[in-house]
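Residue-level structural notes
As a plain string of letters, each chain reads:
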Amino acid sequence: MSGIVIIDEKLCTGCGKCVKMCPKKILYLEPGTNKCKVTDETKCDRLGGCVWACPAGAIRIQ
Ligand code: SF4
Ligand code: SF4
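This report concerns the structure included in the present document.

Procedures and definitions
Residues numbered from 1 in each chain as written. Chains lettered and ligands numbered in written order. Predicted model: local features only at pLDDT ≥ 70, side-chain atom pairs only at ≥ 80, totals over all residues. Helix = DSSP H or I, 4+ residues; strand = E, 2+ residues; numbered from the N terminus. Rg over C-alpha atoms; globule rule 2.2 N^0.38 Å. Buried ≥ 20, exposed ≤ 12 C-beta atoms within 10 Å, placed from the backbone. Contact = placed C-beta atoms within 7 Å. Near = placed C-beta within 6 Å. Nonpolar A, V, L, I, M, F, W, Y, C, P; charged D, E, K, R; others polar.

A closer look at the overall build of the protein chain
The helix and strand tally for the protein chain stands at two helices and four strands. Ordering the α and β elements of the protein chain from the N terminus gives β-α-β-β-α-β. Relative to a compact globule of 62 residues, whose C-alpha radius of gyration would be 11 Å, the protein chain shows 10 Å and is just as compact. Looking at the protein chain as a whole, 16% of its 62 residues qualify as buried. Sequence separation of at least 24 residues holds for 55% of the intrachain contacts in the protein chain that already meet a minimum separation of 6.

Below, the structure is given as structure tokens:
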């Protein structure tokens, strides 16, 4: 299933805080764009650590 982790790239500043926070290591900063991306959403615990960590309010969990 896709669409669990939704990142608003317009808001993402590329700070990397969500990447460090994610216990499942499924978030990364894309080289070149420096925007946060998700690898395997099926591993997401849906606890929202990344949502809490993001200072830009760029992440939603659905
Ligand atoms: S909700 Fe948790 S497991 Fe899912 S992407 Fe965010 S920090 Fe990672
Ligand atoms: S914490 Fe927010 S602003 Fe920082 S890289 Fe992650 S999504 Fe982007």
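Next comes the rest of the write-up.
A closer look at the site of ligand 1
As a structural note, the neighbourhood of ligand 1 is formed by 15 residues, with Cys22, Lys24, Cys44, Gly49 and Cys50 the closest of them. Looking at the shell around ligand 1 residue by residue, the class counts come to ten nonpolar, two polar and three charged.

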